Each structure stands twice: as structure tokens, then as C-alpha cells.
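Report on the structure
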Amino acid sequence: MSLKNKLKSKHIMVLAGEPSGDLHGARLLKEIRDRESQIRVTGIGGDRMIAAGMEIFFHIDRLSVMGATEVLRQAGTIKKAFDRFKQKIRTDRPNLLVFIDYPGFNLKAAAFARRHNIPVLYYIAPKVWAWNPSRLKQLKKNVDHVALIFHFEEKLFKKKQIPCTFVGHPLLDGYDDKIIRKNRKKSHERYTIGLLPGSREAEISALLETMLKAAELIAARTDNIRVLISQALCVQEKNFRNIVGQYNETRLFTIVKGDVQTLFQEVDCLIAASGTVTLEAAICRIPMVIVYKVSAYTYVLAKKFVKLKHVGLANIIAGHEVVPEFLQNRATPENIAAETLAMMNGSALDAAEKKLSMIKPLLGGRGASKRTAHIVLSMLKGDFTR
């Protein structure tokens, strides 16, 4: 049998647990199938990965949680997903496992795979530089190769002798120069503010009302603004719209459902939940205020174990604060409104955009999905060994 035919008969299992993983996984699958269309792909994912041709055996809409308390509440569902994964390993053994982020689940899955002698590629590695460095030992023991998305990770992984390749950040694959705006309007009939309350139900519960109240304070202190609210496809629509409806008697708010790029093209600045979407905004050089709240228990744990000065990805990548952050008790409507109002003039927005312009060059250039697909196919051929 030829090498090409051998690849066509291969089976890859991909595990992603969150909407961002579903997005990056779908782009990776497209690149793989563009090269080897007959490779079979199964796993845990969402609608984007299904559309890209993956047979899923557990949907991520039941898994996407954040924070210690929230994970405990979902423990039963997570166990069901893991039991399903173990069953599939035994009955439908893959030639390669590809893990995308979601470390609490995937590191445990990597240990199970090692016991069954199945090679593992980890794409979008656990953030060991921020949380739980002991995971480096788990990665070294149970993962064959790691595709890194941040340039500063490579030195750390190589120091620990973990096989790795810096592939760049996959977000850049979704943003070409036509989408990344080069010049903001210098004069305004009105300012447009975007609210990004997150894609998890826990984030919506913790942040949406705070953001709405902040926007109301801004509207009361300045003339002629509009507010667009991003609604992720995976959130419960009825609950989301009910919350917005309680604050929308004056029709200040407009919900924009789905792709956040649509909202990005309209806004002058953002009030955004900490997460990957803030890095997307930074790539597009959109000034923002980052906010975040978690349960008290999760916050206490984070204060004890997280070794970072910042939570916003733009700030972490830059190594200093380029975007203001309001976390936990500081994330009040009054604080958020005051910071946003201070940003809402031409010179302040220009200065904020200039700070953000340094982020994109640090992300490695477009093509992360393509470079990772190359690693996947090389591992299937027997390259990139431990």
C-alpha cells in the first residue's frame, strides 16, 4: 500500500471542550482535509467541527465552563464525556489524538492515551506560565509533540525538553488586512460601544448586567451613543435577551448575534470579558476595557496560584498593561463607565490603538492551522517522534 493510501486509511480523534477550540479545530480540520480528504476524524467538538467533517461523540455545548466552582457543578457531565472518550479509545482506536486547549480534561485524556500507546499532539497548550507549572511534567510524560501558539512559550518548553513547534496564533487565520482596520474615523456623529459579555453562561450571569449598567451610565453622561452587544451562538438566547430587555426601555442596546467580526467593524471601543475575544480585538486594534468576575472560591484559588500581573491576553503578550483591566470587586459599572468615557475622544482612542499595534507582530503570522496540519500529517507518517 502506498504512503498516500496509508494516510487515507488513518483515523484522527480530536478533543476540544470550548467554543474557541471548536473554531480552531474546524480550521485545522479544513487544512488536513485539503491535503488528505479521506482521513477519518472523530471526537469531541461543536457545530463548526461537525461542519468541517468531524463525527462527534460528545458535543461541547455541555462542557464549556470556567472556574473551580463552575467545573464542580458540571462534574457529572464532564465525567460522562470522559467515559465516552475512554469507550471510544477501546472500540474505535485512533491512529493519532489531537488535543485542543481544555487542559483539565485533555491532560487526563493524554495520560489515558499513553497507557494505550496512542500518539498525542497537543495544540494550544495549557497555560503553564500562568497556572500550575507542574503540568509541564504531565506534558513531557504523556504528549508526543506540542504545537505552541505564543512565542514566549517555546523557550520554557524547550528548557523542559518537551518536543514542540511554535506555529503562531490561529486567530490570525481569521483576520486578513481587509478586516484589520487601518484607520478609524477621526470625526463622529456618535460613538459606538461594543459589549462582549463572553460565551459561557457563567460569564453572562456574572458580567452582562454590570456591562449594561455601565453603558447606561455612559449614555447618561454623553450625547448620542449607541451600544452593540455581542451574543455568542452558544449562549441560551432566551435568558440573554431577557436580561438585555430589562435595561432596554430607551432602545439603547442592539444585539448582534454570531460572528464578532461584524460588531468589530462598527465599534469605536469595547467593554469586554477577559478571554480570547480580547486578543481578537487587539489584533484589530480596537481600544477596550477588560472586565471579569468569577465565584469567590475561584478567585481565592486564582490569587493563590496564578503568577501573572494581568489576565488580558494583550497585556500578557505585551509584558505590560496596554489595555485597562477591572477584575472582581473593581469590575463595577461606575469604574467601567469612567474608564470608557475617558477613552472616548479622538486623541485617547488614537493612543490606545497605537499601544495595541504592537500585539499582532508578536503572534507569529498567519498560517497556524496550516502549520499544525503539517505536524498532524507528519505524525501520522511516523515523524515528530518523542
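Attention here is on the structure that accompanies the text. (Residues numbered from 1 in each chain as written. Predicted model: local features only at pLDDT ≥ 70, side-chain atom pairs only at ≥ 80, totals over all residues. Heavy atoms only, no water.)

1. Points about the pattern of salt bridges
Throughout the structure, instances matching the rule amount to 13 salt bridges. Between Glu266 and Arg226 there is a salt bridge, with its nearest N and O atoms 2.7 Å apart. Placement of the pair is Glu266 in the loop between helix 11 (260–264) and strand 11 (269–273) and Arg226 in strand 9 (residues 225–231), with a sequence separation of 40 residues. Owing to a relative accessible area of 23%, Arg226 belongs among the partly exposed residues under this scheme. Here the salt bridges share partners, and the residues they tie into one network are Glu18, Arg200 and Glu203. (Salt bridge = Lys/Arg side-chain N within 4 Å of Asp/Glu carboxyl O. Helix = DSSP H or I, 4+ residues; strand = E, 2+ residues; numbered from the N terminus. Buried < 20%, exposed > 50% of the residue type's maximum accessible area, 1.4 Å probe, protein only.)

2. Thoughts on the sheet that holds strand 8 (residues 191–196)
In space, the 6 strands of this open sheet follow the order 10-9-8-11-12-13, with parallel pairing throughout. At either margin of the open sheet sits one strand with a lone partner, and together these are strand 10 (253–257) and strand 13 (325–327). Each neighbouring strand pair of the sheet contributes to a mean axis angle of 20 degrees, computed without reference to strand direction. Where strand 8 and strand 9 come together, 5 bridges link them in parallel fashion. Looking at strand 9, one finds that Leu195 is bridged to Ile229. Relative to strand 12 (residues 288–292), helix 15 (residues 333–343) is tilted by about 165 degrees, and along the sheet it contacts strand 8, strand 11, strand 12 and strand 13. (Pairing = 2+ DSSP bridges. Axes fitted to C-alpha atoms, helices over the stretch in contact; angles between N-to-C directions. Contact = heavy atoms within 4.5 Å.)

3. Focus: unusual backbone geometry
Phi is positive for Asp101, which is not a glycine, with a value near 55 degrees. With respect to the secondary-structure elements, Asp101 resides in the loop between strand 4 (96–100) and helix 6 (103–115). Residue Asp101 is classed as buried on the basis of its relative accessible area, which comes to 14%. Of note, Tyr102 is a non-glycine position whose phi angle comes to about 45 degrees, a positive value. Looking at the secondary structure, you find Tyr102 in the loop between strand 4 and helix 6.

4. A few points about the environment of Leu362
Locating Leu362 in the fold gives a position in the loop between helix 16 (346–356) and helix 17 (368–381). The class of Leu362 is partly exposed, set by a relative accessible area of 29%. Along the primary structure Leu362 and His151 are separated by 211 residues, whereas in three dimensions their C-alpha atoms are 7.1 Å apart. For Leu362, the residues in contact, after removing those within four places along its chain, are His151 and Ile317.

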